[in-house]
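Okay, here's what each chain looks like letter by letter:
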Amino acid sequence: MITGPGQVEIVREHLPALGPDDVYAESVLSGISHGTEMAWMAGDAAALHRSWDPHRRIFLDGAGRDFPVAPGYETIARVTAVGEAAVGKVSVGDLVTLDRPHGTTHIVPADAALASRLPTGAEAERAIFFILARVALGGVHDAEVRLGDIVVVVGLGTVGLLAGQLARLAGAAKVIGVDHYPLRLDTADSLGITPVHAATDDDVAVQVRKLCSPQGADVAIEASGSYRGLHEAIRCVRVGGRVATVASYHGDQDGLRLGEEYHRNRITLVSSMTVNGCPQRAHPAWDLPRLNASARDLVISGQVHVDSLVSHRFPFSEAAKAYQLIAQRPEETIRVVLTYDN
């Protein structure tokens, strides 16, 4: 549980008795979100300061939630017990992907476990990327990448590195990746993404134009979660270019100046959101189950490479150290996962 800004505690709770249509599943791995979860850690999450009205779909004055918060939504677990009515749907030993907080054990409806069951032979450490691969895939769709496009990805964390690969698969002639951290730039280079170091004195947009053309890139995908990153994404694209944001933006930030290139170059800015009641722009042809299935298949097949993206593994009992590392030394991290004894 995140019990307050910068505070992580492990708490003990007892699961209810196993129902006839339920299964127990013990966690094998869970992934920490460097965006959503770290916003809670920093005390910047929007829900701490504003209240979401789901009917009108707007934020209103007044906090919507408070600490403690159970973080996490990317868990791989192994079925260890099956309710009597669920026998034949799933079996003990099956691996399932769960949109559940970090924790050692979960009780899950059998139908949900069946829908999220991993194919035989699928590796848990690859499956931990399914949800973020779906986020990245939605971003590439919303960016409308076309065959031959030049694409810039700003922010080379896990989602950015996945989006860069997916843009290549979608037909981009060149993908350029922008980040401050050498580890992420080197990883991008190894995946066929041309790196641009944002921490140098050289103007990012000028560097990008040297790599493509003076007019700029066709499309940008913003995955840094910073207003400065969004501003640079806007500056990198050509007149009439498109910028799709896949990151979450939290807290008060400086650096976004909409009176400059955004206004002068008639940039189209698109928010990419694959959950929270937002249908896909290509719905009904593309819905959430199809996005999930496609992202899963691309990861399992190896068309999207993830094996080099896990930078750190922490035992669940040391979760506080994992969050501390991400908060204090982000330059050392790409994907941080929690491991469990079983």
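In every chain, residue numbers begin from 1 and rise along the written sequence. Per-residue local features are limited, in this predicted model, to residues with pLDDT of at least 70; the limit for side-chain atom pairs, both in listing and counting, is 80 or more; totals at the level of whole chains, interfaces and linings are taken over all residues. Calculation of side-chain values draws on the structure's entire complement of heavy atoms; hydrogens and water are dropped beforehand.

Quick notes on the overall build of the protein
Along the protein, the regular secondary structure elements total eleven helices and 16 strands. Computed over the C-alpha atoms, the radius of gyration of the protein is 21 Å, within 12% of the 20 Å expected from 2.2 N^0.38 for a compact globule of 342 residues. Taken along the three principal axes of its C-alpha coordinates, the protein extends 65 × 45 × 40 Å. Each residue is assigned to one of three classes by its accessible area relative to the maximum for its type, calculated with a 1.4 Å probe on protein chains only: buried under 20%, partly exposed between the two thresholds, exposed over 50%. The proportion of buried residues among the 342 residues of the protein is 46%. Any two residues having at least one pair of non-hydrogen atoms within 4.5 Å are treated as being in contact. Across the protein, contacts joining residues at least 24 apart in sequence account for 67% of those joining residues at least 6 apart. Here the open area of atoms and residues is found with the Shrake-Rupley method and a 1.4 Å probe, where only the protein chains shown may cover a residue. Summed over its atoms, the accessible surface of the protein is roughly 16300 Å², and 49% of this surface lies on carbon and sulfur atoms. Only four residue types enter the tally: Lys and Arg on the positive side, Asp and Glu on the negative side, with His and both chain ends excluded. A charged residue contributes its charge at one atom only: NZ of Lys, CZ of Arg, CG of Asp or CD of Glu. Charge centroids of the protein, computed over 31 positive and 40 negative side chains, lie 6 Å from each other. Secondary structure follows DSSP: runs of H or I at least 4 residues long count as helices, runs of E at least 2 residues long count as strands, and numbering of each begins at the N terminus. The quantity called the radius of gyration is restricted to C-alpha atoms. Its globule counterpart is 2.2 Å times the number of residues to the power 0.38.

Quick notes on the layout of surface pockets
Here the second largest pocket is characterised by a volume of approximately 670 Å³. Contributions of two or more residues to the lining of the second largest pocket are made by β8 (105-109) and α11 (319-328). Sort the elements by how many residues they give to the lining of the second largest pocket and β8 lands first, with three residues. Residues that form the lining of the second largest pocket fall into these classes: 13 nonpolar, six polar and four charged. Grid points spaced at 1 Å over the protein atoms alone were grouped into cavities, where a 1.4 Å probe fits but cannot get out, and pockets, open sets with protein on both sides within 12 Å along at least five of seven lines, with lining residues defined by an atom within 4 Å of a point. Grid points are joined across faces, edges and corners, and a volume is the space filled by probe spheres set on the points. Three residue categories are used. Nonpolar comprises Ala, Val, Leu, Ile, Met, Phe, Trp, Tyr, Cys and Pro, charged comprises Asp, Glu, Lys and Arg, and polar comprises the others, including Gly.

With respect to the sheet that holds strand β9 (residues 150-154)
Adjacent strands of a sheet form backbone hydrogen bonds with each other and so pair up, either parallel or antiparallel. If you trace the six strands from one edge of the open sheet to the other, you get β11-β10-β9-β12-β13-β14, paired in parallel fashion. This sheet does not close on itself; its edge strands, each paired only once, are β11 (194-197) and β14 (268-271). Neighbour-to-neighbour, the strand axes of this sheet turn through a mean angle of 20°, independent of strand direction. The pairing of β9 with strand β10 (residues 174-179) spans five bridges and is parallel. Across the sheet, the residue bridging to V152 is I176, located in β10. Contacts between helix α7 (residues 204-211) and the sheet are confined to β9, β10, β11 and β13 (237-245), with β10 contributing the most and set at about 160° to the helix. Comment: axis = line fitted to C-alpha atoms, over the contacting stretch for helices; angle = value between 0 and 180 degrees taken between N-to-C directions. Helix α8 (residues 227-236) contacts β9, β12 (217-222), β13 and β14 of the sheet and is inclined by roughly 145° relative to β13. Whether two strands pair comes down to DSSP finding at least two bridges between them.

Structural notes on a nonpolar patch on the surface
Each patch is built from residues that are more than 30% exposed by relative accessible area and take part in no salt bridge. Like charges join if they lie within 9 Å; nonpolar side chains (Val, Leu, Ile, Met, Phe, Trp, Tyr) join within 5 Å. Basic side-chain nitrogens of Lys or Arg form a salt bridge, by our definition, when they fall within 4 Å of a carboxyl oxygen of Asp or Glu. Taken together, the side chains of M273, V275 and L288 define a hydrophobic patch exposed on the protein surface, amounting to about 190 Å² of accessible area. Of note, L288 is situated in helix α10 (residues 288-301). Residue L288 is classed as partly exposed on the basis of its relative accessible area, which comes to 31%.

Looking at the packing of aromatic side chains
Centres within 6.5 Å are what make two rings of Phe, Tyr or Trp a pair, Trp counting through its six-membered ring; a difference in plane orientation under 30 degrees is then read as stacked, over 60 as edge-to-face, and the rest as tilted. Counting across every chain of the model gives four aromatic pairs. We call a charge positioned above a ring when the Lys NZ or Arg CZ atom is no farther than 6 Å from the ring centre and deviates by at most 35 degrees from the ring normal. Across the ring face of W286, the terminal group of R290 is positioned such that the distance to the ring centre comes to 3.7 Å. In this arrangement the basic side chain of R335 is found over the ring face of F129, its NZ or CZ atom lying 5.4 Å from the centre.

A few points about helix α4 (residues 130-143)
Working rule for helices: expected span equals 1.5 Å times residues minus one. Here α4 contains 14 residues, and its C-alpha end-to-end distance of 20 Å stays within 8% of the 20 Å for a straight helix at 1.5 Å per residue. Of all 14 residues in α4, 13 are buried; the element is thus mostly enclosed. One or two positions beyond α4, positive phi appears at E144, with a value near 55°.

Describing helix α5 (residues 158-169)
Under the 1.5 Å per step criterion, the end-to-end length of α5 is 17 Å for twelve residues, consistent within 8% with the ideal 16 Å. Most of α5 sits inside the fold, with ten of its twelve residues counted as buried. Residues of α5 that are buried: T158, V159, G160, L161, L162, A163, G164, Q165, L166 and A167. Looking at the residues trailing α5, positive phi occurs at G171, about 115°.

Details of empty space enclosed by the protein
What the rule picks out here adds up to one cavity of 30 Å³ or more. Approximately 40 Å³ is the volume attributed to the largest cavity. Of all the elements in the fold, those that place two or more residues in the lining of the largest cavity are β6 (75-82), β7 (95-98) and α4. Among the residues making up the lining of the largest cavity, the classes are represented as six nonpolar, two polar and one charged.

Considerations on the side chain of D149
One can find D149 in the loop between α4 and β9. Within the buried set, D149 has no salt-bridge partner at all; the shortest N-O distance to an opposite charge, 4.9 Å, is to R146. Here the side chain of D149 touches R146 through a polar contact of 2.8 Å, landing on its backbone nitrogen. Among residues more than four places away in sequence, those in contact with D149 are E144, G171, A172, A173, K174, D218 and V219. Polar contacts here mean pairs of N or O atoms no more than 3.5 Å apart (in protein, one a potential hydrogen donor and the other a potential acceptor; neighbouring residues in sequence count only if both atoms are side-chain atoms).

Quick look at the nonpolar core
Within this scheme, the nonpolar core is defined by two criteria: the residues are buried Ala, Val, Leu, Ile, Met, Phe, Trp, Tyr or Cys, and they are joined through side-chain atoms within 4.5 Å. Within the largest apolar cluster, 50 residues are counted, with the highest numbers of intra-cluster contacts made by V151, L161, L162, I221 and L309. When residues of this core are traced back to their parent elements, those giving at least two are β3 (22-31), α3 (124-127), α4, β9, α5, α6 (182-190), β12 and α10. If you tally residues by element for this core, the top one is α4, at eight residues. Other than its neighbours up to four places away in sequence, L161 contacts L156, R184, T187, A188, L191, I193, L309 and I334. Residues M41, A45, Y323 and Y340 belong to the second largest nonpolar core, which totals 20 residues.

None of this, on its own, says anything about what the molecule does.
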